Structure formats: C-alpha cells, structure tokens
Amino acid sequence: MTGAASELCQRCGLCCDGSLFARAPLLPDEVAPLAARGLPATAAGLPQPCAALEGTRCSIYAARPASCRRYTCLLQAALAEGEVDLDEALAVVAEARARLAAGEAGEHLDRHFRGRSALR
Ligand code: SF4
Ligand code: SF4
C-alpha cells in the first residue's frame, strides 16, 4: 500500500466501523493472537464496529488480519491509480460520513467503498 493509500485508510475506517461490514473474517491462526490482545476475535471473525478501531485509525495496523490487509475498496484503488488525489479521496470520505449521518449513504457507499476482494 502506498503512503497516500495508508493515510487515506487511517483517516477513513469505513470498512472497520460497521458502515460496510458486520465483521472482518479471520484465518484460523489469527483468532488466538487477536484474542490475546483483548479483542473479541472468534472463528466467526472480528465483529464491527471493530474493537481495534480508535477513531478512524486501526490501533493494531501492523498486526491487522489478512482480510483487512487485502481489502481494497474502489476509492483506495482510484487513489492508487492516480484517478483522484488524497484530498479528493478524503472529500469522498467526508461526503460518506455526512450521508451516513443523514441515513442516505447506501448508493454512495456502493459506488466508492465496496471492495474488489471476496474476503468480506
Ligand atoms: S473503506 Fe476503503 S478507504 Fe476506507 S479504510 Fe477501508 S479500504 Fe481504506
Ligand atoms: S483490525 Fe484494524 S483494519 Fe481490521 S477491521 Fe479492525 S480496525 Fe479495521
């Protein structure tokens, strides 16, 4: 992940806070280490809003599960491919938060934040 993509994700968190998913799937050998950190990890996954999320940042970023590492949403891909810059991407995140607060985010989330990964 590029530095800009990493910064976007650390300032977004929509794929961690329950806006998009009910849980992050875990590999069998990921459950115990996460549980040892005090997180509610089970074979069913890591529930969202994720207990490791602090604001919009992942507090275990270097040790996050494989499904979190692999998740690439359409906005992150657009940033990586130079279709939008970081400020534009953060504006899309801000719009998503405003729409979520208004209860009308569905289409916006589908257009920008759904993933290309089948893991979630
Ligand atoms: S929804 Fe996309 S931009 Fe936001 S944290 Fe997840 S992968 Fe990053
Ligand atoms: S472990 Fe980190 S990256 Fe994965 S869902 Fe939780 S906060 Fe998000």
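Summarised in this report is the structure supplied together with it.

Each value, and the rule that gives it
Residues numbered from 1 in each chain as written. Chains lettered and ligands numbered in written order. Predicted model: local features only at pLDDT ≥ 70, side-chain atom pairs only at ≥ 80, totals over all residues. Heavy atoms only, no water. Near = heavy atom within 4 Å. Nonpolar A, V, L, I, M, F, W, Y, C, P; charged D, E, K, R; others polar. Core = buried A, V, L, I, M, F, W, Y, C linked by side-chain atoms within 4.5 Å. Buried < 20%, exposed > 50% of the residue type's maximum accessible area, 1.4 Å probe, protein only. Helix = DSSP H or I, 4+ residues; strand = E, 2+ residues; numbered from the N terminus. Salt bridge = Lys/Arg side-chain N within 4 Å of Asp/Glu carboxyl O.

What follows deals with the site of ligand 1. Ligand 1 sits among Leu-8, Cys-9, Cys-12, Gly-13, Cys-15, Tyr-71, Cys-73, Gln-76 and Phe-113. Among the residues forming the shell around ligand 1, the class breakdown is 7 nonpolar, 2 polar and no charged.

Of all hydrophobic cores here, the largest spans 33 residues; its most connected members are Leu-8, Leu-20, Leu-46, Leu-75 and Phe-113. For this core, the secondary-structure elements that each account for two or more residues are α1 (3-10), α2 (31-36), α4 (74-80) and α5 (86-102).

On to the pattern of salt bridges, then. As enumerated under the stated definition, the model contains 5 salt bridges in all. We note a salt bridge from Arg-97 to Asp-17, for which the minimum N-O separation is 3.4 Å. Of this pair, Arg-97 sits in helix α5 while Asp-17 sits in the loop between α1 and β1 (23-24), and the two are 80 residues apart along the sequence. Taking relative accessible area as the criterion, Asp-17 reaches 18% and is therefore assigned buried. For Arg-99, the salt bridge goes to Glu-95, with nearest N and O atoms at 2.8 Å. Remark: Glu-95 and Arg-99 occur in helix α5; sequence separation between them is 4 residues, near one turn of the helix. Take Arg-99: its relative accessible area is 24%, and that puts it in the partly exposed class. Of the residues examined, Glu-95 reaches a relative accessible area of 33% and is grouped as partly exposed.

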